[in-house]
Amino acid sequence: MTETRCKDQVILDLWHPLAALSEVPAGVVVGTILLEERLSLACDGTGKVAVWRSRRDLPVDGPVDISAVAGTLPVKLAYGYVWTSLGNPPADIFPIPEYAEADRRKLNAATFGVNVSAPRAIENFLDMGHFPYVHTDILGAEPHTEVKEYDVEISVDRDEILATRCRFFQPMASTTSDGGADVDYIYRVPHPYCSVLYKSSPMDETRLDVIAVFLQPVDQEHVRAHMLLCVLDEDNEDKVIKRFQQTIFGQDKPILENQFPKRLPLDPRAETPIRADKSAIAYRRWLSQKGVTYGVIPAAT
Amino acid sequence: MITLYDYELSGNCYKLRLLMGMLGVEWKTVPVDFYPGREHKSDWFLKINPLGQLPVIDDDGLILRDAQAILVYLASKYDASGTWYPRDNPALLGEISQWLAFADGITGTASAARLHDALFYDFDVEAARAGAHRLFRILDEHLWFGEQEGRNWICSAAQPTIADIACFPYIMLSEEGGIPRQDYPAIRRWCDRLKRIKGFAVMSGVFPAGPAKAA
């Protein structure tokens, strides 16, 4: 067994995203960092991908025949991204059934480097209270600042957090909006460093747009944030849909990077939550119960 | 009407959005997928700008590249007050040009550090950060001495000029490249003054100023 810098077995055993497959050139080594380890990946252009610990005989940007690479790490392709694990990963990655629906637009909005711990970024993703102040005139606007009562549960059989009955007034909820509307939200946290949100589609009131954030932990205080869009939009070019999401993420970025302490404190007394933070409280408790230590300040025992 | 080839998260594109907003000029946007799509290096875009850089404007067939050059053009053509780029004041024009070049230096350092951290550009980030701090120190001292003389802006004028617009974005975005501004109080006060100019608009990563304190 190779010695790893990260000692958190829960985190080591997870699948972690590395890159959007559409952005990996065929036959060329791409370098990245996961849990403080230098990794390399490459694809062959026919949908086969290999991930391995970086080594000198296969330099980044150099050519590679992936069928000849020995000692590769586990690899999975899911939701348009390449995933790997440094431990013993489960057979499957958490499901997003909507991804299989043929009429959806599926895009990597962007992969951004962010100076934040993965759990702090997940918490921000779950928070509706900041919409009017950080995403002014897009995802919220004064005076519509109240986070109304919503439900949170930790689903035992699916091992994920589910926040439902969330509702927020949004001036421009998506690229297909034509004005302000009350928007329904559902949040899932099916992975300590990944979250999936569902929100009302302005195109079809019976369906929901899906936006997911998959965080690749570079180290305990830095991530690469991969943003999956899986939305209903018949009108806009890919780049317009990406631009909308990048604008929103760009507004979150300075907030994320100024969180202090950078690692998420799991002790319930460490930070004072309000009612609107119910999903964050459940998230912290869930991480504690799992015994996660990487990217967090564990509660004193 | 002006067409702006634009990327939302680009500070150089933001310079033009800022000035056009303050001048009350209307424009339409052609989004360019700078990241991750690298559309600024695509064939169609290289025909517009062979340098493969944003921003570019098309004003009734006149195509211009380079943020600083476009600021000169926009202010010369659309600023009825003549204060943003005072064409009849040679000394001031010299000063403005000097600080436009300085703004390019900020792009080469502070913006490069941000591209390294956020978009994974292969730059020497320590050199970029050190270079940005050197420029910020020079600007902070310049602004501090200006304040002692009752001057609010970068150049020796009672009103802001395009030099202020050119320097502002990548200073405001510097923390995204790991360049804090707490050691530059005069820069911070100048940023707040700029944010209070009528017509000011934000971009992602830049927040509006709070209400000014009563003197």
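All values reported here derive from a predicted model rather than from experimental measurement.

1. Some details on the overall build of chain B
Helix and strand counts for chain B come out as seven helices and four strands. Secondary structure of chain B in N-to-C order comes out as β-α-β-α-β-β-α-α-α-α-α. Relative to the 2.2 N^0.38 estimate, which gives 17 Å for 215 residues, the radius of gyration of chain B is 17 Å and therefore close to what a compact globule would have. By principal-axis analysis of the C-alpha atoms, chain B measures approximately 50 × 40 × 30 Å. For chain B, buried positions account for 40% of its 215 residues. Pairs at least 24 apart in sequence give 67% of the contacts found in chain B among residues at least 6 apart.

2. Side note on the environment of A:Gln9
Residues and elements named next belong to chain A. With respect to the secondary-structure elements, Gln 9 resides in helix α1 (residues 9–12). For Gln 9, a count of 14 C-beta atoms within 10 Å translates into the label partly exposed. Distance in space between the C-alpha atoms of Gln 9 and Ile 93 is 17 Å, their sequence separation being 84 residues.

3. Some thoughts on the UniProt feature "domain: GST N-terminal" (unreviewed entry) in chain B
Per the UniProt annotation, the sites labelled "domain: GST N-terminal" (unreviewed entry) are residues 1–82 of chain B. Counting secondary structure, residues 1–82 of chain B comes out at 38% helix and 22% strand; the distance between its end C-alpha atoms is 21 Å.

4. A word on the sheet that holds strand β8 (residues 151–155) of chain A
Residue and element names in this part refer to chain A. Read across the open sheet, the seven strands follow the order β7-β13-β12-β11-β10-β9-β8; overall the sheet is antiparallel. Only two strands of the sheet have a single partner each, and these edge strands are β7 (105–114) and β8. The average undirected angle you get between the axes of adjacent strands in this sheet is 20°. Across nine bridges, the pairing between β7 and strand β13 (residues 222–231) is antiparallel. The residue of β13 that forms the bridge with Val 114 is Val 223.

5. Quick notes on the sheet that holds strand β1 (residues 2–6) of chain B
Residue and element names in this part refer to chain B. Spatially, four strands are ordered β2-β1-β3-β4 in an open sheet, and the strand pairing comes out mixed. The open sheet has two edge strands with one neighbour each: β2 (27–31) and β4 (62–65). Averaged over all adjacent pairs, the angle separating strand axes in this sheet is 20°, with direction ignored. Sheet analysis places strand β3 (residues 56–59) next to β4, joined by four bridges and oriented antiparallel. Bridge assignment links Ile 57 to a residue of β4, and that residue is Leu 64.

6. Remarks on the packing of helix α2 (residues 118–126) of chain A against helix α4 (residues 238–257) of chain A
Residue and element names in this part refer to chain A. At a closest axis distance of 10 Å, the pairing of α2 and α4 adopts a crossing angle of 130°. In this view, α2 runs oblique relative to α4, as classed from their interaxial angle. Seen from above, α2 lies across α4 with right-handed handedness. Together, Arg 120, Ala 121 and Asn 124 of α2 and Asp 252, Ile 255 and Leu 256 of α4 make up the contact between the two elements. Considered class by class, the residues forming the contact of α2 with α4 number three nonpolar, one polar and two charged.

7. Here we look at unusual backbone geometry
Only a minority of non-glycine residues have a phi that is not negative, and only a minority of peptide bonds are not trans. Going from A:Glu142 to A:Pro143, the amide bond is cis rather than trans, its omega being 5°. As for its placement among the helices and strands, A:Pro143 is situated in the loop between α3 (131–134) and β8. For the peptide bond that leads from B:Leu54 to B:Pro55, omega is -5°, which places it in the cis range. As for its position among the elements, B:Pro55 is in the loop between α2 (43–48) and β3. The phi dihedral of A:Tyr79 falls on the positive side, at around 60°, and the residue is not glycine. Relative to the elements of secondary structure, A:Tyr79 occurs in the loop between β5 (75–78) and β6 (81–84). The buried category is assigned to A:Tyr79, around which 22 C-beta atoms lie within 10 Å.

8. Let's talk about the domain arrangement of chain B
Residues and elements named next belong to chain B. Domain boundaries assigned for chain B yield domain 1 (2–78) and domain 2 (90–195). Summarising the inter-unit geometry, the C-alpha centres of domain 1 and domain 2 are found 21 Å apart. Across the contact, twelve residues belong to domain 1 and twelve residues belong to domain 2. Elements supplying a minimum of two residues to the side of domain 1 that touches domain 2: α1 (11–23) and α3 (67–78). Here the element with the most residues in the side of domain 1 that touches domain 2 is α1; it accounts for six residues. Considered class by class, the residues forming the side of domain 1 that touches domain 2 number eight nonpolar, three polar and one charged.

9. A few points about the domain arrangement of chain A
Residues and elements named next belong to chain A. Domain boundaries in chain A define domain 1 (9–84) and domain 2 (97–297). For domain 1 and domain 2, the distance between their C-alpha centres works out to 26 Å. Taken together, the contacts link 17 residues of domain 1 with 17 residues of domain 2. For the side of domain 1 that touches domain 2, the secondary structure elements donating two or more residues are α1, β1 (16–20) and β2 (30–34). Considering every element that reaches the side of domain 1 that touches domain 2, the biggest residue donor is β1, with five residues. Taken together, the residues of the side of domain 1 that touches domain 2 break down into twelve nonpolar, three polar and two charged.

Definitions and cut-offs
Residues numbered from 1 in each chain as written. Chains lettered and ligands numbered in written order. Predicted model: local features only at pLDDT ≥ 70, side-chain atom pairs only at ≥ 80, totals over all residues. Helix = DSSP H or I, 4+ residues; strand = E, 2+ residues; numbered from the N terminus. Rg over C-alpha atoms; globule rule 2.2 N^0.38 Å. Buried ≥ 20, exposed ≤ 12 C-beta atoms within 10 Å, placed from the backbone. Contact = placed C-beta atoms within 7 Å. UniProt positions renumbered as here; feature names shortened; annotations may be inferred. Pairing = 2+ DSSP bridges. Axes fitted to C-alpha atoms, helices over the stretch in contact; angles between N-to-C directions. Parallel < 35°, antiparallel > 145°, perpendicular 65-115°, else oblique. Left-handed = near helix turned anticlockwise from the far one by under 90°. Nonpolar A, V, L, I, M, F, W, Y, C, P; charged D, E, K, R; others polar. Domains from an automatic or database assignment.

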